[in-house]
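What the coordinates show
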Amino acid sequence: MKRILLSAALLMACVGLKAQNCEALLLPYFGNDAARMEAYQSQVPDKFAWRCAYVRSAFYESDTIPAGAEQHSLTEVADVVSGSRLSSSLVVDLGTLSYYAYNFRQLQLQYPTGATVIYFPTPSSAHPYLVLRSLDQINELATKLWEAEGRR
């Protein structure tokens, strides 16, 4: 029964994540250099696919959060190039919100382990919380997605 639930959850995650545009989400990882990204994608397609799975696994939205959960304001999130901060009234679009475009990793590294999930209140969005999975969860989900696509 546990395997069936896990498989169903992974399938739902895959369906939701397929809608995300990998190129747009990964472009900041390559310093917004499309030619560099295309070269990487053609030279090491498996690594590109894993990076895509990683960036697509970073976030989800939620209507609730656990008691005592780590919360940060969206205004703590800064663009890595310009330094400009996100607005607390941001309407979340997981298809365009890139983990690499902002300082999300720096926020995660403030905690002593890779197991901390961070919640951002998003009152203007369809769901009241943007959830940044823990580093451990992102790695685990990305690996499962990557393997589900027949990579190894």
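What comes next concerns the included structure. Please read all numbers here as calculations on a predicted model, not as lab measurements.

1. Here's the deal with the overall build of the protein
Looking only at helices and strands, the protein has 6 helices and 4 strands in total. Tracing the protein from N to C terminus, the helices and strands come up as α-α-α-α-β-β-α-β-β-α. Once local pairs closer than 6 in sequence are excluded, the contacts in the protein between residues at least 24 apart make up 66%.

2. Side note on the sheet that holds strand β1 (residues 59-62)
Strand order in this open sheet of 4 strands is β1-β4-β3-β2, and the pairing throughout is mixed. Whereas interior strands pair on both sides, the edge strands pair on one side only; in this sheet they are β1 and β2 (70-71). Note that β1 and strand β4 (residues 129-132) share 4 bridges and pair antiparallel. Note that in β4 the partner of Phe 59 across the bridge is Leu 132.

What counts, and where the lines are drawn
- Residues numbered from 1 in each chain as written.
- Predicted model: local features only at pLDDT ≥ 70, side-chain atom pairs only at ≥ 80, totals over all residues.
- Heavy atoms only, no water.
- Helix = DSSP H or I, 4+ residues; strand = E, 2+ residues; numbered from the N terminus.
- Contact = heavy atoms within 4.5 Å.
- Pairing = 2+ DSSP bridges.

These figures come from the coordinates and say nothing about function on their own.
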